[in-house]
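# Survey of secondary and tertiary structure
Residue-level listing of the chains:
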Amino acid sequence: MPENAFHSQQYDLAVDTISNADLEELIGWMRAYPRLTMADVTKEFEAAWAGWLGVKYAVMCNSGSSANLLMYAALESSRTVSSKSILVPATGWATTLMPAVQLGWQPTMCESDIRTFGMDPQRLEELVKRERPEAIILVHVLGVPCDMTSILELQKKYGFQILEDCCASHGARHQGRLVGTFGAMSSFSFYYGHHMSTVEGGIVCTNDEQLYFHLLMARSHGWLKDLPPQEAARYMELHKVDAFRAPFTFVIPGYNLRPTDINAKLGLIQLRKLDDTIRRRIANHKQYQQLLQGLVDFAPGLPGDTISSISFCAVARSTAERRAFVTALDQHKIDTRIFTAGNLGRHPFWSDRYGAFSAPVADRLHACGFFLPNNQSLEPADITAICKVIREVRAV
Ligand SMILES: Cc1ncc(COP(=O)(O)O)c(C=O)c1O
C-alpha cells in the first residue's frame, strides 16, 4: 500500500502521519502479546511527552476533547478555583468550551485578536474587570501563539488560572517558549491530521502535582487506583479506608477517558518524527504568509513568535469572495473548508443558551475564513501551486 493512500484530492487538508513503517513497528510489538489496555507503555509515552514539552507531568487520554474536559474537571475537583466563572474564546474549537456548558460553569465569551485569532488581551482585560473570573481557557488557534506576554501580565494583575488548548499547535512558540508551558494545564490532540497521531488521543500537561493527581483520578472513574502510593495513602488516611478497599475507593466524580497502550505505543513511534513534521509545517506556513501577502488576510502572529499550523487560515474580503476562492480550489482539487468553527458564539450549542455572540474579528472569521492545506507532505512547489490559484481568483 503506498504511503498516504487515503488521498482523495490532489492536495488534502490533512494526511496521515502514521506510515507503513510505523504500523509495521506497532504490529511487531503487538505480536509479542503485550498488555493492550492502559499500562506501562502509556506511562512511558507520558514521560517522553513531558520531556519533549519540558513540563513535569503529562496524563494521556483518548482525545484532545477529553483532555479539555479533564482540565476543567481537575481545576474544579482540586479546588484550585472557588467559583466557576470562566472566560472562553470566540474562535477555537467547540470542545474547548463545551465542558463549561456541561459542567455548569458560567462562561463568558471573549473576542479574538486580529494579530493571532486567539483571545484579544484588551477585550480580555475588560471582561476580567467585569466578570472577575477565576479561570480562562485560551486556544492557540491553528498554531498561532496567543499574545501570552500580555495575558501573563493580566494574570499577574488580576490573578486567574490559565488553561491552554494547544490541540492544534504542537511546536508553536511564543518568544521562544513552547505553547503548552504557560498555563496551569495545557491540552494537546493526537487526532488524524494533527502534528502527530495516535489514531485518537490527547494529553494534559502540568507542572502542578496536585492537579496531576486529580487528572489521574478524573481520567479513571475518580478512583484511587492510579495514584502514586504516597498520595493514595494520604487519601486512605483521610477517608479511613484500608488497603483492600483503597484501589476501588472513588474520591472525585470521574470519567473513563483512558487511552490504550496501543495508542501510547503509536505515540512513542510518532514522537520520533514530531520535530521534523513541525519544521515542515513551520516552513510551509511561512511560505504561505510570503506568497499571500496582500491577496488575503491572515493572522500574522507576533514578531518573534513561531507559528506551527495544521492548516493555513486565509480570510477573504467578503463571503462572496470566499465562495469564489472555494470554487476555484475545488476545481483544482485543493481541499478546503470553513475556518475551524468560525465564531463559536454563533453555533446553536452556545446561542441557544447565552444568545449569539457578535464581535468584529470573530464575525469576520465566521463569514470569510477558509482553510488552505498545510501538512508535512507538502513541498515548497505545492504551496506555490496552491497560492497561484488564490492569485488567479484575485486577478479576475
Ligand atoms: C483547538 C482544538 N481543541 C480541541 C480539539 C479536539 O481534539 P480531538 O479531535 O482530539 O478531540 C481540536 C481538534 O481539532 C482543536 O483544533
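Residues numbered from 1 in each chain as written. Predicted model: local features only at pLDDT ≥ 70, side-chain atom pairs only at ≥ 80, totals over all residues. Heavy atoms only, no water.

### A look at the packing of helix α1 (residues 20-31) against helix α9 (residues 261-292)
The interhelical angle for the contact between α1 and α9, taken along N-to-C directions, is 140°, at an axis separation of 10 Å. When the axis of α1 is compared with that of α9, the two are oblique. Between α1 and α9 lies a crossing of right-handed hand. Counting all contacts with α1, which are made through D22, E25, L26, W29 and M30, the residues of α9 involved are D261, I262, K265, L266, I269, Q270, R272 and K273. Per-class residue counts for the contact of α1 with α9 are six nonpolar, one polar and six charged. (Axes fitted to C-alpha atoms, helices over the stretch in contact; angles between N-to-C directions. Helix = DSSP H or I, 4+ residues; strand = E, 2+ residues; numbered from the N terminus. Parallel < 35°, antiparallel > 145°, perpendicular 65-115°, else oblique. Left-handed = near helix turned anticlockwise from the far one by under 90°. Contact = heavy atoms within 4.5 Å. Nonpolar A, V, L, I, M, F, W, Y, C, P; charged D, E, K, R; others polar.)

### Some details on the pairing of strand β1 (residues 57-61)
Within β1, five of the five residues are buried, leaving the element largely enclosed by the surrounding structure. Covered by surrounding structure in β1 are Y57, V59 and C61 together with A58 and M60, the residues of both alternating faces. (Buried < 20%, exposed > 50% of the residue type's maximum accessible area, 1.4 Å probe, protein only.)

### Some thoughts on the domain arrangement of the protein
Domain boundaries assigned for the protein yield domain 1 (20-265) and domain 2 (275-395). Counting each side, the surface lost to burial between domain 1 and domain 2 is near 3100 Å², with a carbon and sulfur contribution of 70%. For domain 1, the biggest contributors to the area lost against domain 2 are F117, L142 and H195; these three give 22% of the whole. Linking domain 1 with domain 2 are zero salt bridges. Our enumeration of links across domain 1 and domain 2 arrives at 14 residue pairs in polar contact (both at pLDDT 80 or more). For the side of domain 1 that touches domain 2, the secondary structure elements donating two or more residues are β2 (85-89), α4 (94-102), β3 (106-110) and β6 (173-174). Of all the elements, α4 adds the most residues to the side of domain 1 that touches domain 2, at four residues. Grouping the constituent residues of the side of domain 1 that touches domain 2 by class yields 21 nonpolar, 14 polar and five charged. (Domains from an automatic or database assignment. Buried area = accessible area lost by both parts, 1.4 Å probe. Salt bridge = Lys/Arg side-chain N within 4 Å of Asp/Glu carboxyl O. Polar contact = N/O pair within 3.5 Å; in protein donor to acceptor, adjacent residues only side chain to side chain.)

### Topic: the packing of aromatic side chains
Taken as a whole and assessed by the stated rule, the structure comprises 17 aromatic pairs. Where F325 meets F370, the ring centres are 5.3 Å apart and the plane angle is 25°; that geometry is what we call stacked. Taken together, the positions of F325 in helix α10 (residues 319-331) and F370 in strand β11 (residues 369-373) put the pair 45 residues apart, joining distant regions of the chain. Both residues of the pair, F325 and F370, count as buried. Taken together, the ring pairs connect F45, W49, W52, F188 and F190 into an aromatic cluster. The ring of Y235 is capped by R234, whose NZ or CZ atom sits 5.0 Å from the centre of that ring. (Phe/Tyr/Trp six-rings, centres within 6.5 Å; stacked < 30°, edge-to-face > 60°. Lys NZ or Arg CZ within 6 Å of the ring centre and 35° of its normal.)

### Brief notes about helix α13 (residues 380-395)
Over its 16 residues, α13 runs 22 Å from end to end, which matches the ideal 22 Å to within 8%, given 1.5 Å per residue. Buried residues belonging to α13 abut α9, α10 and β11. (Expected span 1.5 Å × (residues − 1).)

### Structural notes on the nonpolar core
In globular proteins that are soluble, nonpolar side chains generally tend to be buried together. Ranked by size, the top nonpolar core spans 49 residues in total, and within it L75, I86, V88, W105, M109, M185 and L227 carry the most contacts. Broken down by secondary-structure element, the contributors of at least two residues to this core are β1, α3 (64-77), β2, α4, β4 (135-139), α7 (209-219), α8 (229-239) and α11 (348-354). Broken down by element, the residue count for this core peaks at eight residues, all from α3. With residues up to four places along the chain from it excluded, the contact list for M185 reads M71, A74, L75, I162, L163, E164, V204, C205, T206, L211 and L215. If you look at the next biggest cluster of nonpolar residues, it comprises 39 residues, including F298, C313, L329 and I383. (Core = buried A, V, L, I, M, F, W, Y, C linked by side-chain atoms within 4.5 Å.)

### Here we look at the site of the ligand
As a structural note, the neighbourhood of the ligand is formed by 15 residues, with G64, S65, D165, S189 and H194 the closest of them. In this structure, a nitrogen atom belonging to the ligand sits 2.7 Å away from a side-chain N or O atom of D165. In this structure, an oxygen atom belonging to the ligand sits 3.2 Å away from a side-chain N or O atom of H194. For the ligand, the accessible surface in isolation is 380 Å², of which the surrounding protein chains cover 86%. Looking at the shell around the ligand, the elements with two or more residues in it are α3 and α4. With three residues, the top contributor of residues to the shell around the ligand is α3. Partitioning the shell around the ligand into residue classes produces five nonpolar, nine polar and one charged. (Near = heavy atom within 4 Å. Areas by Shrake-Rupley, 256 points an atom, 1.4 Å probe, with all protein chains shown as cover.)

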